[in-house]
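# Summary of the model geometry
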Amino acid sequence: MDSVFDDKQQFPFFYRTVPNERNQYGAMLKILQHFGWTWVGIVASDDDNSLKGSQELKELLLNSGYCVAYLKLFKKFMSIGDDDPHNISELISRSTANVVIIYTYTTNMIRFSQHLGDVEKPEVVWIITCTLTFSPDLYTFQTMEVFNGSLALSLGTGNIPGLRDFMYSANPQTYPDDYRFLCAWYLQFNCDSVDFANDTNVTDYRKSGFGFPPCTGNETLKDVYLYKYDGQNFKITYSIYTAVYALAHALHAMLSDIKDIGHQKMEYRQWQLRHYLQNVHFSLISDTIYFDEVGSRPGYYDIVNWIFPDGHTVIGNFNASAPEKDQLFINTTAIQWNQKFTKIPRSTCSDTCQPGYRKSTHQGEPSCCYDCVPCSEGEITNATDMETCIPCPEDQWSNQGRDTCIPRTVEFLSYDDPLGAALAAVAVVLVVITALVLGLFTLNWDSPVVRANNRDLSFLLLFSLMFSFLCSLLFIGYPGEITCKLRQTVFGLFFTVAASSVLAKTITVVIAFKATKPNSKLRKILRTSMSFCFVLVCTFGQAAICTVWLITSPPYPDYDTQSITGKMILKCNEGSPIAFYIVVSYLGVLASLSFLVAFAVRKVPDRYNEAQMITFSMLMCCSVWISFVPAYLSSNSKFMVALEIFAILTSSSGILGCIFFPKCYIIMLRPELNTKGKFITKDTNIKT
């Protein structure tokens, strides 16, 4: 089985009816995979073949993702008092690897088990290579006790027709002249079979003086218990049997190609047989015989379980030529493990990482030795011993056990939310209040208080404030595509109308105070619709900004999964943050201009002068929006939307309260002041 014979340049005519020694590596990998064993030790004798084979096996295990706890060599010639058995036993017992592969030959195995039997025997599962041949010599007390419950690879067997009947009928009487047969009989039955011999050469055998009783002649190999002569336990015999048949088929094929030329036959040479051996393909009962490219039979092994004191039992097989998923068959229920193990043994350097954990290896240590680390939030593992955690989809989140992705909690400012319901209620109340003020001003259309400082602008301002309050309702509810586009743009337009109306009223105060002459040009301006033109121009500027915003990068529905753990926050993405801040800045500029102009004329001598009220309203409006920007940037989730609604309601309420509530107070509670005589007053002590 030595792999050195694979070199066809050195051994071009070498063929074998046993698998290549390296084929057993694949069988061992399959066994380890079948039982989930990843942490193994290797013990080998120090002969050249075992040393080379164990090194190759170690490299293959490491390259296949398995870990080797140790590779320990023992002397093939041990003596009494040798430290090797003690050292090996201590090493195996100290290691956490419960599976040990032993790589050696039959004679070395027997010596090793004899010496290991004298020390404390480590209770592990041994996996024995197929370099061992099953012979009666292996069935010693020490060997069976040390390796009880082990698994071993064995050369595959096949049926040899007539062999079992032949062996069951054989006895010294049938072969009295075969000296070796008589010796085998003597060793097997512990009886003297010389009486049946006719050969005078066996007299030396009788002189041995062992004093065993003579054989009765009724002994039969059928009664042997440990070593079953059933015709299918002779591995080497079957290999020789197939070799004979392979050569016969090759010769038959070669001779069939020889053609007669007249009465002379063509000559042939022995090297020509190689071609026919390479292409031989025939069946023996249930076995198919052929050779691969290196002259070996495909790897086929029986998997046997060593059971003390019964011997061994075939519990499966490995066929390298079968499809990968069908290569290994093991009847796990038929295995009798070492008495230490009450169930299928485990052999891992670390405990299995359960779902919700991932493996974390340590630098400088084997990959099979690791810690189990919990997955981070938003990641899961749904199988054991996973090396990396799987991120959950965007709309899902990991559960508490980190083994399942669950839907995220969807969050947005809705009418069902207490905060959303409260803001919506405040907005509706403010709309109603604005409508009442508008109705009160309509009923008192011709009164001096209503007519003061441009009655038409007052009504336009009230309408714009009413719609500004209503715009806040667009921010509450599910953020759809339409509402996302309308939120900022519609509010920006209506609040621009309000801010520009306030600025126009402030400018009207200035012009009215300056236009003291009857034929002044400023008075002519007051009589025209210049104020409405000013509001229209300001509104057009904001409309242009909003149009460009909606065309280039409009707002759209979006979600945020990073701000709050386990939640998906539905929101409106502004599309272009620059456009959003330009709209807000435009409103800020109008409010600031209104504040500056109103502050400049706050002391004009007019009983119903709105300059002071406009100053306070714009001061409040500017304070709200200046505070809004940093607060907006630092907030998240639904509170960001609530903050903007609060800014809208507060700034609009400031304008409504500061400008119109004083007039409503006069109309409703102080009607005596709402007269033309009280309206026209002069105070010469106040300078402009």
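Residues numbered from 1 in each chain as written. Predicted model: local features only at pLDDT ≥ 70, side-chain atom pairs only at ≥ 80, totals over all residues. Heavy atoms only, no water.

## Side note on the overall build of the protein
Along the backbone of the protein there are 20 helices and 21 strands. Relative to its 688 residues, the protein shows a buried fraction of 47%. Looking at the protein as shown, the accessible area adds up to about 35600 Å², and 57% of this sits on carbon and sulfur atoms. (Helix = DSSP H or I, 4+ residues; strand = E, 2+ residues; numbered from the N terminus. Buried < 20%, exposed > 50% of the residue type's maximum accessible area, 1.4 Å probe, protein only. Areas by Shrake-Rupley, 256 points an atom, 1.4 Å probe, with all protein chains shown as cover.)

## Observations regarding the pattern of salt bridges
Throughout the structure, instances matching the rule amount to eight salt bridges. Ionic pairing is found between D6 and R16, a salt bridge with its closest N-O pair at 2.4 Å. On the criterion of sequence distance, the pair formed by D6 in the segment before α1 (23-35) and R16 in the segment before α1 is long-range, its members being 10 residues apart. Judged by its relative accessible area of 16%, D6 is buried. Where D417 meets K638, a salt bridge forms, and the shortest distance between an N and an O atom there is 2.5 Å. With D417 in the loop between β19 (409-411) and α11 (418-443) and K638 in helix α19 (residues 637-669), this residue pair connects regions lying 221 residues apart in the sequence. (Salt bridge = Lys/Arg side-chain N within 4 Å of Asp/Glu carboxyl O.)

## Things to note about the state of the cysteines
Per the stated rule, a full pass over the model turns up six disulfides. For C67, the disulfide goes to C368, at an S-S distance of 2.3 Å. For the disulfide bridge between C67 and C368, the dihedral angle about the S-S bond is near 90°, and by the sign convention the bridge is right-handed. Of this pair, C67 sits in strand β2 (residues 67-74) while C368 sits in the loop between β13 (357-361) and β14 (370-374); the two residues are 301 residues apart in sequence, bridging distant segments of the chain. There is a disulfide in this structure between C375 and C389, and the S-S distance comes to 2.1 Å. Of note, the bridge from C375 to C389 carries an S-S torsion of about -85° and is left-handed in sense. Pair noted here: C375 is in the loop between β14 and β15 (379-380) and C389 is in the loop between β15 and β16 (390-391), with a separation of 14 residues, a long-range link. (Disulfide = S-S within 2.5 Å.)

## With respect to a nonpolar patch on the surface
A cluster of nonpolar side chains, I236, I240, V244 and Y245, forms an exposed patch at the surface whose accessible area comes to about 370 Å². Take I236: it is sitting in helix α9 (residues 235-257). (Patch = residues over 30% accessible without salt bridge, like charges linked within 9 Å, V, L, I, M, F, W, Y side chains within 5 Å.)

## Section: the packing of α11 against α19
Each pair of packed helices gets described by two things: the angle between the helix axes and the distance between those axes. Between α11 and α19, whose axes approach to 10 Å, the crossing angle comes to 25°. Here α19 runs roughly parallel to α11, going by the angle between their axes. Crossing geometry of α11 relative to α19 is assigned as left-handed. Contact residues: L419, L423, V426, A427, L430, I433, T434, V437, L440 and F441 in α11; F639, A642, I645, L649, S653, L656, F660, F661, K663, C664, I667 and M668 in α19. When grouped by side-chain class, the residues that make up the contact of α11 with α19 number 19 nonpolar, two polar and one charged. (Axes fitted to C-alpha atoms, helices over the stretch in contact; angles between N-to-C directions. Parallel < 35°, antiparallel > 145°, perpendicular 65-115°, else oblique. Left-handed = near helix turned anticlockwise from the far one by under 90°. Contact = heavy atoms within 4.5 Å. Nonpolar A, V, L, I, M, F, W, Y, C, P; charged D, E, K, R; others polar.)

## Details of helix α17 (residues 577-600)
The end-to-end C-alpha distance of α17, which contains 24 residues, comes to 34 Å, matching closely the 34 Å that a straight helix rising 1.5 Å per residue would cover. Looking at α17, one finds that the buried residues are A579, F580, V583, V584, L587, L590, A591, S594 and A598. (Expected span 1.5 Å × (residues − 1).)

## Side note on the side chain of S576
On the secondary structure map, S576 appears in the loop between β21 (567-573) and α17. The contacts of S576, once residues within four sequence positions are left out, are W549 and S553.

## What about the packing of aromatic side chains?
Scanning the model with the defined rule gives 20 aromatic pairs in all. The interplanar angle of 50° and the centroid separation of 4.9 Å between the aromatic rings of Y241 and Y245 together place this pair among those described as tilted. Note that Y241 and Y245 are positioned in helix α9 at a spacing of four residues, about one turn of the helix. Overall, the relative accessible area of 18% leaves Y241 in the buried class. Since its relative accessible area comes to 34%, Y245 is described here as partly exposed. Three or more aromatic residues joined by ring pairs form one cluster here, namely F441, W445, F459 and F660. Of note, K8 hangs over the ring of Y15, and the distance from its end group to the ring centre comes to 5.0 Å. A cation over a ring is seen here: R274 above F13, with NZ or CZ 5.9 Å from the ring centre. (Phe/Tyr/Trp six-rings, centres within 6.5 Å; stacked < 30°, edge-to-face > 60°. Lys NZ or Arg CZ within 6 Å of the ring centre and 35° of its normal.)

## Examining the sheet that holds β19
Through backbone hydrogen bonds, the strands of a sheet pair up, either in parallel or in antiparallel fashion. The strand order across the open sheet built from three strands is β19-β21-β20, with neighbouring strands paired in mixed fashion. Each edge of the open sheet carries a strand with a single partner, namely β19 and β20 (556-560). Here the average twist between neighbouring strands, direction ignored, is 30°. As judged from the three bridges shared by β19 and β21, these two strands associate in the parallel manner. Bridging from a neighbouring strand, T409 pairs with K567 of β21. (Pairing = 2+ DSSP bridges.)

## A few points about α9
The first and last C-alpha atoms of α9 sit 33 Å apart over 23 residues, in line with the 33 Å expected at 1.5 Å per residue. Here α9 has its buried residues at K235, Y238, S239, Y241, T242, A246, A250 and M254. Summarising the contacts, the buried residues of α9 are in contact with β5 (151-155), α10 (273-278), β8 (281-284), β9 (287-290) and β10 (300-307).

## Side note on the nonpolar core
Proteins that are soluble and globular tend to have nonpolar side chains buried together. Among the nonpolar cores identified, the biggest contains 57 residues, and F441, L461, W625, I645, I655 and F660 are the most heavily contacted of them. Of all elements in the fold, only α11, α12 (448-451), α13 (455-471), α14 (481-514), α16 (530-552), α17, α18 (611-634) and α19 reach the threshold of two or more residues within this core. Per-element tally for this core: the top contributor is α19, with 13 residues. Excluding residues within four positions of it along the chain, I655 makes contact with L461, L465, F495, V502, S617, M618 and F660. Of all hydrophobic cores here, the second largest spans 34 residues; its members include L61, Y66, V99 and I315. (Core = buried A, V, L, I, M, F, W, Y, C linked by side-chain atoms within 4.5 Å.)

## Let's talk about the environment of P662
Along the polypeptide, P662 turns up in helix α19. Considered as a pair, P662 and V449 are 213 residues apart in the sequence and their alpha carbons are 9.8 Å apart. The contact partners of P662, leaving out residues within four places of it in the chain, are M613 and G657.

## Notes on the confidence of the model for the protein
Taken over all residues, the pLDDT of the protein has a mean of 80, while the share at 70 or more is 84%. Between residues 205-209, whose pLDDT stays under 50, and residues either more than four places distant or in other chains, the model counts 11 contacts. pLDDT under 50 marks residues 680-688. Its contacts with residues more than four places away, or in other chains, come to six contacts. (pLDDT = per-residue confidence, 0-100.)

## A look at the pairing of strand β4 (residues 125-128)
On a regular strand, each side chain points to the face opposite its neighbour's, so the side chains alternate between the two faces of the sheet. Alternating positions in β4 separate into two faces, V125 and I127 on one and W126 and I128 on the other, with burial throughout. When strand β3 (residues 99-103) meets β4, the two strands line up parallel, connected through four bridges. Each residue of the ladder has a partner; that of I101, found in β4, is I127. Here two bridges tie β4 to β5, and the two strands are oriented parallel to one another. When the bridges of β5 are listed, I127 appears paired with L151.

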